[in-house]
Each structure stands twice: as structure tokens, then as C-alpha cells.
Amino acid sequence: MGGVNRSEDPHALLRPRPPSPVQEVRDERFERYGVRLVVKRDDLVHPELPGNKWRKLAPNLRAAVEGGYSGLVTFGGAYSNHLRATAAAGRLLGMATVGVVRGDELAARPLNASLARCAADGMRLHFVSRAEYRRKAEPEVLAGLLTEAGADGAYLIPEGGSNALALHGCAELGRELRGAADVVAVACGTGGTLAGLAAGLGPGRRAIGVPVLAGGFLDAEIRSLQRRAFGGPAGDWTLAEGFHHGGYARIPAELEAFAAGFEARHGIPVERVYVAKLLWALTALTGSGAFPRGATLAAVVTGAPEPTAPEPTAPEPRA
């Protein structure tokens, strides 16, 4: 593929619709504690690059176009929203895309709905072992992975899209929420959205991140991302650990029932891997008295459900 004309702004070509709306949700599980809940419908910011994926990718896509790159390469697991968004962006911009996928055992299996969508959008999938994937930050390992994937000359976007450029894109999300809430909460995979969101909120507001992965590694990663993007700590943020429900892409029956119930009550589609865990966490935290009476709490809806959701009984295995 020849890529897009350098004079064309991918922001205009992709036609996003920011700012996304803020919608009030009347829910007795919050109201009984005097807490007002609103949702930031970032799932509506773009039909194929929703929410934090648009905000992270937009500045990176601009850099790729201005740098004259004809292709994009990035990383993710079998259910990665980021891989799907990158594949869609490549199709829309006429840029080749390569996805380096964690788990070489997946190469012999039928593609799940998420990876099938990537392939349908033209992304070439390159499966690597979990051991090699864990070492992808090492320069020699990374160089070898890119060569094996045939992506030496492509514009490199990190796993989850989280880099300094992405944080500046996510800071705009925080600026859009100034004055709309006292506390803003978002689900976290790599931590980039929280890191940028907190920086954009401004004084007197705080951000909460709900990790969807076990391990407790995000605190250091967020601090590192903020140093690279802003030169140091930015904004008031904390992590609410313990709501991962067993790990990434694991959707136990009680979480599925909670998400389906929220959809039925409020008519808002609930993406299962990230958003369901966020809403569950906020319900539990509110019930435990974590927020003062009179507070307004904003939940960022970072994406829409997949056409076919990950199977609760067959989560992506993790090392």
C-alpha cells in the first residue's frame, strides 16, 4: 500500500466526533449513597476507533503520516482492542498493518472474533511465543521480532498504544471532563489512558484507574509514561486494584450478569473486558463509602462490545 498523502491530516480523514457526550445515569446503587453517576460515552467518538483507542492512535497516526511511513506495526494479545483499532485505522488510511500477537500456540487455532476482525481489515498477524513477547522491550529482541514480522520499516506503536504521544491525546479526554465530575474513573490495561486523563483533568479533580490485569505493575508504568510525556508526575490519580475478576478477558458468570443487568437498566452497551470491570468496581467502591455524599462520579466508556464477545469459559491464557 502506498499510504496517505503527507499533506492530509488523518484526524480529518478518519472523521472522529469529539467531544463525546456525557450522559447521566440514574442508578439506585449510587443514589442511595448520595453519589451522582455520569458516563463519558467515548465509545461514540468514532465508529471503528472508539474511545481511548482513537485518542491514543490519533497523534501516532499523524506522526506516521508526516514521517512518510507506509505501514504500522504494533503488539497485543488475542482479544486486543488496540490491535483491532490499529487494523481499522490502517484500512481507513490505506496503510499496511502488522500485528505481533502474544502466544505462538494461537497460530494453529481458528482465529477468534477479535483477530478475525483484524485480518478482515488487512492486518497481517505474526504470532510469537509468550517468552519472546515478554522480552519485546529489549532492543535486540524487538529488532528480531520486527524483522521476522516483515515490519522493519513500519511505524512502531507500542502495546496498547501507550507512549508519550498517546498521553497527550488522552489528556484531551481529561480537559473535556473538567467541571463535569469530581472523580473520573477509567479501566486500565497498559495505563496510558489514565496517565493522560489525569494530566488533563486539572486541579481539584482526581482520576481512578481500575486495572483489568492482575499483577500490580501499573503504578510504576504510569509514572514512567508521565515522565516521558510531561517530564514528571501529572494530576491526582490512584489505582483501585482487586477488580480484575481473574485476569484479562476473563468474564465470570457474575460479571456477565452484572453487565447484562446494567445494559437492561440503562440502555448503554457494556464492553465486557474493560468497561464491565470498571462499572463493577465503581458500584463496589460506592457501596463501601469511597466517595463522599454529593460527589459526581464519571465513568469513561472506552469502547463498545465486540460483535461476538470473548467466551467466558475460554479466556486468553496468560503466562
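To keep things clear, this report deals only with the structure shown in the data block. (Residues numbered from 1 in each chain as written. Predicted model: local features only at pLDDT ≥ 70, side-chain atom pairs only at ≥ 80, totals over all residues. Heavy atoms only, no water.)

**Remarks on the sheet that holds strand 1 (residues 22–25)**
Note the threshold: Pairs of strands are assigned from DSSP output, requiring at least two bridges between the strands. Counting from the N terminus, the helices are DSSP H or I runs at least four residues long and the strands are E runs at least two residues long. To define axes, lines are fitted to C-alpha atoms, for helices over the stretch in contact only, and angles between the resulting N-to-C directions are given on a 0 to 180 degree scale. Here, two residues are considered to be in contact whenever any of their heavy atoms come within 4.5 Å of each other.
Across the sheet, which stays open at both edges, the six strands sit in the order 1-2-10-7-8-9 with mixed pairing between neighbours. The sheet is open, and its two edges are formed by strand 1 and strand 9 (236–239), each paired on a single side. Ignoring which end each strand starts from, the neighbouring axes of this sheet average 25 degrees apart. Sheet analysis places strand 7 (residues 183–188) next to strand 8 (residues 206–211), joined by six bridges and oriented parallel. Residue pairing across strands places V183 opposite R206, the latter belonging to strand 8. Against the sheet, helix 12 (residues 275–287) engages strand 7, strand 8 and strand 10 (296–300), with an angle of about 160 degrees to strand 10.

**Digging into the layout of surface pockets**
Applicable threshold: We place a 1 Å grid over just the protein atoms. Points where a 1.4 Å probe fits but has no way out form a cavity, open points with protein on both sides within 12 Å along at least 5 of 7 lines form a pocket, and any residue with an atom within 4 Å of a point lines it. Grid points are joined across faces, edges and corners, and a volume is the space filled by probe spheres set on the points. The residue classification treats Ala, Val, Leu, Ile, Met, Phe, Trp, Tyr, Cys and Pro as nonpolar and Asp, Glu, Lys and Arg as charged. All others, Gly included, are polar.
Of the pockets and cavities examined, the largest pocket occupies roughly 1,000 Å³. Every residue lining the largest pocket is counted, 40 residues in all, and those nearest its centre are Y133, K136, E159, G160 and T190. Mapped by element, the contributors of at least two residues to the lining of the largest pocket are helix 3 (51–66), strand 3 (71–76), helix 4 (81–93), helix 6 (130–134), strand 7, helix 9 (192–201) and helix 10 (218–230). The residue inventory of the lining of the largest pocket, partitioned by class, reads 16 nonpolar, 14 polar and 10 charged. Each pocket or cavity is described by its volume, and for the second largest pocket that value is around 440 Å³. Taken together, 24 residues make up the lining of the second largest pocket; nearest its centre are P47, E48, P50, R84 and A304. Elements represented by at least two residues in the lining of the second largest pocket include exactly helix 3 and helix 4. No other element matches the five residues that helix 4 contributes to the lining of the second largest pocket. Within the lining of the second largest pocket, the residues separate by chemical class into nine nonpolar, five polar and 10 charged.

**Details of the packing of aromatic side chains**
Just so we agree on the cut-off: Pairing of aromatic rings covers Phe, Tyr and the six-membered ring of Trp, with a centre-to-centre limit of 6.5 Å; geometry is then stacked below 30 degrees between planes, edge-to-face above 60, and tilted otherwise. Throughout, exposure labels follow a simple rule: accessible area from a 1.4 Å probe, protein chains only, divided by the maximum for the residue type, with under 20% read as buried, over 50% as exposed, and the rest as partly exposed.
Enumeration over the complete set of coordinates arrives at four aromatic pairs. For the ring pair Y69 and Y155, a centre distance of 5.3 Å and an interplane angle of 80 degrees mean the geometry is edge-to-face. Note that Y69 is positioned in the loop between helix 3 and strand 3 and Y155 in strand 6 (residues 155–156), a separation of 86 residues in sequence. Residue Y69 is classed as partly exposed on the basis of its relative accessible area of 35%. Here F258 and W280 contribute two aromatic rings whose centre-to-centre distance is 5.5 Å and whose plane-to-plane angle is 70 degrees, an arrangement assigned as edge-to-face.

**So, the pattern of salt bridges**
Opposite charge on two side chains permits them to pair, given that their charged atoms come into close proximity. The condition that has to hold: Note on definitions: salt bridges are taken to be side-chain nitrogens of Lys or Arg within 4 Å of carboxyl oxygens of Asp or Glu.
Applying the stated criterion across every chain yields a total of 22 salt bridges. Of the charged contacts in the structure, one is a salt bridge between R29 and D27, with a shortest N-O distance of 2.8 Å. When sorted by exposure, R29 lands in the same class as D27, which is buried. For R265, the salt bridge is made with E28, and the minimal N-O distance between the two is 3.9 Å. Pair noted here: R265 is in helix 11 (residues 253–266) and E28 is in helix 2 (residues 28–31), with a separation of 237 residues, a long-range link. Residue class for R265 comes out partly exposed when judged on its relative accessible area of 46%. Within this structure, D27, E28, R29, R32 and R265 form a network of salt bridges that share partners.

**A short note on helix 4**
Definition in use: What a helix is expected to span follows from its residue count: subtract one and scale by 1.5 Å. Two N or O atoms form a polar contact when they lie within 3.5 Å of each other; inside protein one atom must be a possible hydrogen donor and the other a possible acceptor, and for residues adjacent in sequence the pair counts only when both atoms belong to side chains.
For helix 4, which comprises 13 residues, the first-to-last C-alpha distance of 18 Å matches the rise-based estimate of 18 Å (1.5 Å per residue) to within 8%. Where helix 4 begins, one side-chain oxygen reaches toward the backbone nitrogen of H82, 3.2 Å away; that side chain belongs to S80. In the stretch just after helix 4, G94 is the one whose phi turns positive, near 75 degrees.

**Quick notes on the environment of G161**
Tracing the backbone through its elements, the reader meets G161 in the loop between strand 6 and helix 8 (164–176). According to the relative accessible area criterion, G161 is buried, its value standing at 2%. In this structure, the C-alpha to C-alpha distance between G161 and T193, residues 32 residues apart in sequence, is 9.4 Å. Ignoring any residue separated from it by four or fewer positions in sequence, one finds G161 in contact with K56, N60, H82 and A166.

**Here's the deal with the sheet that holds strand 4 (residues 96–102)**
Overall, parallel pairing links the four strands, which are arranged 5-4-3-6 in an open sheet. Two strands in the sheet have a free side with no partner beyond their single neighbour: strand 5 (123–128) and strand 6. Pairing of strand 3 with strand 4 involves six bridges; the strand directions are parallel. By the bridge assignment, T74 is partnered in strand 4 with G99. Across the sheet, helix 7 (residues 139–148) touches strand 3, strand 5 and strand 6, and the angle it forms with strand 3 is around 120 degrees.

The values reported here are purely geometric and, on their own, carry no functional implication.
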